[in-house]
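Residue strings, one per chain:
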Amino acid sequence: MQRTISSKQTFFIKILFPVIWIPGFLFFNLTALFDSTETYNLPKLIILLIGIVFLASIYWFCIRLKTVKLSGDSLYVSNYLKEIKIPLSEIQ
(Lines give C-alpha, C1' and ligand atoms only; values in the text may rest on other atoms or scores of the structure.)
Protein backbone atom coordinates (compact mmCIF):
# COMPACT_ATOMS: atom_id res chain seq x y z
CA MET A 1 0.00 0.00 0.00
CA GLN A 2 1.35 3.40 -1.00
CA ARG A 3 1.46 6.18 1.59
CA THR A 4 1.68 9.75 0.34
CA ILE A 5 4.56 11.70 1.85
CA SER A 6 4.13 14.96 -0.07
CA SER A 7 1.60 17.60 0.90
CA LYS A 8 -2.06 17.34 -0.08
CA GLN A 9 -1.71 20.85 -1.52
CA THR A 10 0.80 19.74 -4.16
CA PHE A 11 -1.84 19.38 -6.89
CA PHE A 12 -3.30 22.82 -6.14
CA ILE A 13 0.11 24.55 -6.07
CA LYS A 14 1.51 22.70 -9.09
CA ILE A 15 -1.53 22.78 -11.40
CA LEU A 16 -4.34 25.08 -10.27
CA PHE A 17 -2.35 28.02 -8.90
CA PRO A 18 -0.36 28.62 -12.13
CA VAL A 19 -3.47 28.12 -14.30
CA ILE A 20 -5.33 30.78 -12.30
CA TRP A 21 -2.54 33.32 -11.67
CA ILE A 22 -0.51 33.30 -14.90
CA PRO A 23 -3.33 34.52 -17.20
CA GLY A 24 -4.36 37.18 -14.69
CA PHE A 25 -0.84 38.48 -14.23
CA LEU A 26 -0.17 38.37 -17.98
CA PHE A 27 -3.32 40.41 -18.54
CA PHE A 28 -2.11 43.03 -16.04
CA ASN A 29 1.39 43.00 -17.49
CA LEU A 30 0.26 43.34 -21.11
CA THR A 31 -2.27 46.01 -20.17
CA ALA A 32 0.44 48.00 -18.41
CA LEU A 33 2.87 47.54 -21.31
CA PHE A 34 0.45 48.68 -24.02
CA ASP A 35 -1.40 51.34 -22.02
CA SER A 36 -1.02 54.63 -23.86
CA THR A 37 -2.40 56.73 -21.00
CA GLU A 38 0.53 55.92 -18.67
CA THR A 39 -1.84 55.01 -15.84
CA TYR A 40 0.70 52.81 -14.07
CA ASN A 41 3.58 55.34 -14.13
CA LEU A 42 6.19 52.58 -14.36
CA PRO A 43 8.79 52.34 -17.10
CA LYS A 44 7.91 49.59 -19.55
CA LEU A 45 11.24 47.81 -18.97
CA ILE A 46 10.49 47.46 -15.24
CA ILE A 47 7.03 46.06 -16.02
CA LEU A 48 8.59 43.55 -18.42
CA LEU A 49 11.24 42.53 -15.86
CA ILE A 50 8.59 42.08 -13.16
CA GLY A 51 6.68 39.80 -15.53
CA ILE A 52 9.75 37.71 -16.33
CA VAL A 53 10.66 37.37 -12.64
CA PHE A 54 7.08 36.40 -11.80
CA LEU A 55 6.89 33.71 -14.49
CA ALA A 56 10.31 32.33 -13.52
CA SER A 57 9.22 32.20 -9.86
CA ILE A 58 6.02 30.34 -10.73
CA TYR A 59 8.04 27.82 -12.72
CA TRP A 60 10.76 27.42 -10.07
CA PHE A 61 8.52 27.16 -7.00
CA CYS A 62 5.28 25.65 -8.35
CA ILE A 63 5.48 23.84 -11.67
CA ARG A 64 8.56 21.78 -10.72
CA LEU A 65 6.85 20.22 -7.66
CA LYS A 66 6.62 16.44 -7.44
CA THR A 67 4.39 14.08 -5.47
CA VAL A 68 6.20 11.49 -3.37
CA LYS A 69 4.74 8.19 -2.15
CA LEU A 70 6.32 5.49 0.00
CA SER A 71 5.54 1.83 -0.59
CA GLY A 72 7.50 -0.92 1.10
CA ASP A 73 11.15 -0.43 0.21
CA SER A 74 10.64 2.12 -2.60
CA LEU A 75 9.81 5.76 -3.15
CA TYR A 76 7.54 6.69 -6.05
CA VAL A 77 8.14 10.20 -7.40
CA SER A 78 5.66 11.65 -9.87
CA ASN A 79 5.08 14.89 -11.72
CA TYR A 80 1.53 13.73 -12.66
CA LEU A 81 2.73 12.70 -16.13
CA LYS A 82 5.57 10.32 -15.34
CA GLU A 83 6.34 8.27 -12.25
CA ILE A 84 9.67 6.78 -11.27
CA LYS A 85 10.47 4.17 -8.63
CA ILE A 86 13.51 4.76 -6.40
CA PRO A 87 14.64 1.93 -4.13
CA LEU A 88 15.36 3.12 -0.58
CA SER A 89 18.72 1.31 -0.73
CA GLU A 90 19.88 3.87 -3.33
CA ILE A 91 19.12 6.86 -1.09
CA GLN A 92 21.86 8.15 1.17
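These notes cover the structure that comes with them. Since this is a predicted model, take the numbers as computed values, not measurements.

Turning next to the side chain of threonine 67. Topologically, threonine 67 is positioned in strand β2 (residues 67-71). Judged by its relative accessible area of 10%, threonine 67 falls in the buried class. Leaving out residues up to four positions away in the same chain, threonine 67 has contacts with Ser6, Thr10, Tyr76, Val77, Ser78 and Tyr80.

The next point concerns the pairing of β2. Looking at chain direction, strand β1 (residues 3-4) and β2 are connected through two bridges and run antiparallel. Within β2, the position partnered with threonine 4 by the bridge is lysine 69. Both β2 and strand β3 (residues 74-78) contribute to a ladder of five bridges, which runs antiparallel. For leucine 70, the partnering residue across the bridge sits in β3 and is leucine 75. Hairpin connection, β2 to β3: the antiparallel pair is bridged by two residues, and glycine 72 has positive phi, about 60°.

The next thing to look at is the packing of helix α1 (residues 10-34) against helix α2 (residues 44-63). Between two packed helices, the angle of one axis relative to the other and the distance separating the axes together describe the packing. Following both chains from N to C, one finds α1 and α2 inclined at 175°, their axes separated by 10 Å at the closest point. The orientation of α1 with respect to α2, classified from their angle, is roughly antiparallel. Every residue of α2 that contacts α1 at Ile13, Lys14, Phe17, Pro18, Trp21, Ile22, Phe25, Leu26, Asn29, Ala32 and Leu33 is listed here: Lys44, Ile47, Leu48, Ile50, Gly51, Phe54, Leu55, Ile58, Cys62 and Ile63. Among the residues forming the contact of α1 with α2, the class breakdown is 17 nonpolar, two polar and two charged.

The rules behind each value
As a convention, each chain's residues are numbered from 1 in the sequence order in which they are written. Where totals are concerned, whole chains, interfaces and linings use all residues; where local detail is concerned, this predicted model gives features only for residues with pLDDT of at least 70, and gives and counts side-chain atom pairs only at 80 or more. Derived side-chain values reflect all non-hydrogen atoms in the structure, with water molecules and hydrogen atoms excluded from consideration. Only DSSP runs of H or I covering at least 4 residues are called helices, and only runs of E covering at least 2 are called strands; the numbering of each starts at the N terminus. Categorising residues by exposure relies on relative accessible area from a 1.4 Å probe, with only protein chains included: less than 20% of the type maximum marks a residue as buried, more than 50% marks it as exposed, and the intermediate range marks it as partly exposed. Throughout, a residue-residue contact means that at least one pair of heavy atoms, one from each residue, lies within 4.5 Å. For two strands to count as paired, DSSP must find a minimum of two bridges between them. Between N-to-C directions, angles span 0 to 180 degrees; the directions come from axes that are lines fitted to C-alpha atoms, helices contributing only their stretch in contact. Any angle that falls under 35 degrees is termed roughly parallel, while one over 145 is termed roughly antiparallel, one within 65 to 115 roughly perpendicular, and all others oblique. Here the nonpolar group is Ala, Val, Leu, Ile, Met, Phe, Trp, Tyr, Cys and Pro; Asp, Glu, Lys and Arg are the charged ones; every other residue, Gly included, is treated as polar.

Shape is all these values report; function is a separate question.
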